[in-house]
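# Structure assessment
Each chain, letter by letter, is given below.
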Amino acid sequence: MARRIRFIEALREGMRQEMERDPSVFIMGEGVGPHGSAFKQTDGLCAQFGEERLRDTPISELAIAGTAVGAAMMGMRPIADLMWIDFSMLAMDQICNQAAKLRYISNGQVKVPLVYRMSTGKSKSNAAHHSGSFYSWFINTPGLKVVLPSTPNDAKGLIISAIRDDDPVIYLEHKLLFNVRGDVPEEPFAIPLGVAEVKREGTDLTIVATGAMVGFSLTAAEALAKEGISVEVIDPRTLMPYDGATILTSVRKTGNLLCVEEGFRYCGFGSEIIAFVVENAMDSLRRPPRQLTTMHTTIPFSPPMEDYVFPNPERVAAAVRALLKSEA
Amino acid sequence: MAHVIVMPRLGQTMEAGEIVEWMKNEGDAVQKGEILMSIQTDKATLEVEADYSGVLAKILATPENGEIPCFEPIAIIAAPGESIDVEQVVKEFRSKEGA
Amino acid sequence: MDNAMKVRLLETMLNIRKAELQLAILYKNGKVPCAAHLYEGQEAIAAGVCAQLRVDDCLTSTHRGHGHCIAKGMPMKEMIAEVCARKTGCCGGKGGTMHLFKPDIGVMGTIGIVGAGIPVATGIALAMKMQKTDRVAVSFFGDGAANNGAFHESLNLASVWKLPVIFVCENNRYATSVAVWRSTSVEKIGDRAASYSIPGVTVDGNCVDEVYAATEAALSRARTGQGPTLIEAVTYRVRGHYEGDDAAYRKQGELTEAREHDPIEYWKQKLIEDGVLREEDFAALAAKAEAEAEEAAAFAVDSPFPAPEEALILTAQI
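If you're wondering where the values come from, they're calculated on a predicted model, not measured in any experiment. Per-chain numbering applies: the sequence of each chain, read as written, is numbered from 1 onward. Each chain takes a letter, starting from A, and each ligand takes a number, starting from 1, following the order in which they are written. Local features in this predicted model are restricted to residues of pLDDT 70 or higher, and side-chain atom pairs are both shown and tallied only at a pLDDT of 80 or more, whereas totals for entire chains, interfaces and linings draw on every residue. Water and hydrogen atoms play no part in the side-chain values, which are based on all heavy atoms of the structure.

Any two residues whose heavy atoms approach within 4.5 Å are treated as being in contact. Across the two pairs of chains that are in contact, the largest number of contacts falls between chains A and C. No interface is formed between chain A and chain B, the nearest pair of C-alpha atoms being 22 Å apart.

On to the domain arrangement of chain A, then. Residues and elements named next belong to chain A. The split of the chain into domains comes from an automatic or database domain assignment. Each assigned domain of chain A is listed here: domain 1 (2-185) and domain 2 (197-325). If you average the C-alpha positions of domain 1 and of domain 2, the two centres end up 26 Å apart. Counting residues at the interface gives 26 residues for domain 1 and 28 residues for domain 2. Two parts placed together each lose some accessible area under a 1.4 Å probe, and the buried area is that loss summed for both. Buried surface at the junction of domain 1 and domain 2, both sides included, amounts to about 2,000 Å², of which 59% is carbon and sulfur. When the buried surface of domain 1 facing domain 2 is broken down by residue, Lys122, Ser125 and Ile139 rank first, second and third, together holding 27% of it. In this structure, the salt-bridge partner of lysine 122 is aspartate 307, at a minimum N-O distance of 3.3 Å. Working definition: helices are DSSP H or I runs of at least four residues, strands are E runs of at least two. Numbering for both runs from the N terminus. Mapped by element, the contributors of at least two residues to the side of domain 1 that touches domain 2 are helix 6 (136-139), strand 6 (145-147) and helix 7 (152-164). What makes a salt bridge here is a side-chain nitrogen of Lys or Arg within 4 Å of a carboxyl oxygen of Asp or Glu, nothing more.

Our focus in this paragraph is the packing of helix 4 (residues 76-83) of chain C against helix 11 (residues 279-302) of chain C. All names here are of chain C. Orientation is described by axes fitted as lines to C-alpha atoms, over the contacting stretch for helices, and by angles from 0 to 180 degrees between their N-to-C directions. The N-to-C vectors of helix 4 and helix 11 enclose an angle of 45°; their axes lie 8 Å apart at closest approach. Taken together, helix 4 and helix 11 sit at an angle that is classed as oblique. Judged by the twist between their axes, the crossing of helix 4 over helix 11 is right-handed. On the side of helix 4, the interface is formed by Met76, Lys77, Ile80 and Ala81, while helix 11 contributes Ala289, Glu292, Ala293, Glu295, Ala296, Ala297, Phe299 and Ala300. Grouping the constituent residues of the contact of helix 4 with helix 11 by class yields nine nonpolar, no polar and three charged. Note that the term roughly parallel is reserved for angles under 35 degrees, roughly antiparallel for angles over 145, roughly perpendicular for angles of 65 to 115, and oblique for everything else. Crossings are assigned a handedness: left-handed for a near helix turned anticlockwise from the far helix by less than a right angle, right-handed for a clockwise turn. Gly falls in the polar group here, along with every residue not listed as nonpolar (Ala, Val, Leu, Ile, Met, Phe, Trp, Tyr, Cys, Pro) or charged (Asp, Glu, Lys, Arg).

Our focus in this paragraph is the environment of Trp161(C). Relative to the helices and strands, Trp161(C) resides in the loop between helix 6 (149-160) and strand 4 (165-171). Exposure is judged per residue with a 1.4 Å probe applied to protein chains only, and the accessible area is read against the type maximum: over 50% gives exposed, under 20% gives buried, and values in between give partly exposed. Taking the relative accessible area as the measure of exposure, Trp161(C) reaches 9% and is therefore buried. For the pair formed by Trp161(C) and Glu290(C), sequence separation is 129 residues and the distance between their alpha carbons is 44 Å. Those residues in contact with Trp161(C) that lie beyond four places of it in its chain are Met28(A), Arg55(A), Asp56(A), Thr57(A), Leu126(C) and Lys129(C).

Structure representation (structure tokens):
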């Protein structure tokens, strides 16, 4: 039965149910234990499962990421909380060279079923070291799967799939979404990795949006509908491997594509989707596709500057209007 | 059995080498692991050990040959007392190596 | 240590030595498609440590890891065929010389990034502990890795969690081309254990009996829940960093001196003095190891390469 709960509760419920189902699942990271994690993602889990399975660690990102690899190779299913995507840089070798590659280079003799959880994106003046959205680095690493849910329902269904997957999964939690509420079934359920969802149907233009950008795009679509513009919003949910088929179907219907994402423009997820669509459905495109991203700069601290560099619903709407007015 | 000794590759960037000196003469007995020759690579002068025990039956390349591509035959080591047809041994080697 | 074990240690060292020398030949002749980092001269460490491990104990190793695989029980054929990039290699040609795996005997990977195997072994030990076994993980790494954050973070975490892991630092005096005395703040890397409140010992890594004894103590701690140990085994890398490295950075006379303290020669003399072995026994063991290495090399060279399309197996595609 579905109830209306917060994103963070849905995420926690997914982890709790997997830990109840599978004794090999455990969580490790700085503060995941009695403290319940930086954003309270694991609140109450330590009381239920104990400190053996809610393992507080030192702030040793490399060791957290690396021990998760070793434990996963031995049949455990660790969820390693790296807290902020920005901190994952300290663990990049273990994530991209070890977790991502060991199954491959061992010719399938070992598998590395683990989840690296990290919060991502803008919130409030977190500035240069706590506002990162550089998931395209992980997308660009064969062997990693990358997940970025935009609703409480997806948060739960995707964490369950991520835990059950036999490959390492980067599970991104957008900080602006933690308190968003939505309907979530109480029983465990898995949303398959690699399956997008059409969050709103439309006929004039396809927006492919990720994370917090999905909500921004839906708000923009609502406003645009009043102007007679019908926007379809697709959330890939899994950024790698992404659901190319759903995107192509939509673009073949609308003939127009705008990618909205919080990462940077160059070699980003949006550029990838545009390249994919151009390669596979050029004949369906009525106008040149565009992307709206965070501006190519270090994220500034002061709110006026910070707001200036990120997408918002008004900018999404403006980008849609501009695209539709452009030369066909 | 006769074994062909080639200009060895010693280092990932090496494409050719020069013989600096043979430490053995034709007809000398050779032990596997003994220094057989020294070569000049793109990076350094290195001593090269024999890969086989036997007799240095034929030297095919000397310092006068200058640069020799890696894996080109430069000598033949045969069993003691074995008589060999140099051309035949090299031919067989090339056909086996697909060169 | 009984006599059978004494001979077994010698056999393992000979197997490693002969396999490595065979690889040197294969490399020279173009059968190894990449750089090869050989383990000659360090055999006593792999042999002394692995002789006491059970099949279900696990290890991680380094770019110079052929010897650890052999000591843990990997057939020479599978190792050499992998280094020669063949389908019959232990990883079907996907891994190569720096990425050797055989998890069913506890070879959980030789890893090409310096230091990166240390946290992985720590995690293996974490799983062993959480699964309530008495299995033990061993991480082999070099003096270079001891200056890497992975070493320090892992020793700290393993100590905090009292994990059943043995950290074996093979100090072969060179991190690639930089001498340990130019790069390392301590005289003995074993002393660094004190920072993490775990036992640390420094032994002569060319004396297999010293390595064996240190491992025995570390294993007994690990198996009984007393946590990790750091063993520094001092040795010398008698070959260059890679085949073809002229190692111009060595000090005058260093190599000659190291060659005189050869681990196999040391152990052979010891066994002869103890009456465990005769010269002719040694010659027979050496010949046997050499024949096996030659056979493995022939097997590798005669094996097919993997099909190109196999490259995409095991990676998610769009």
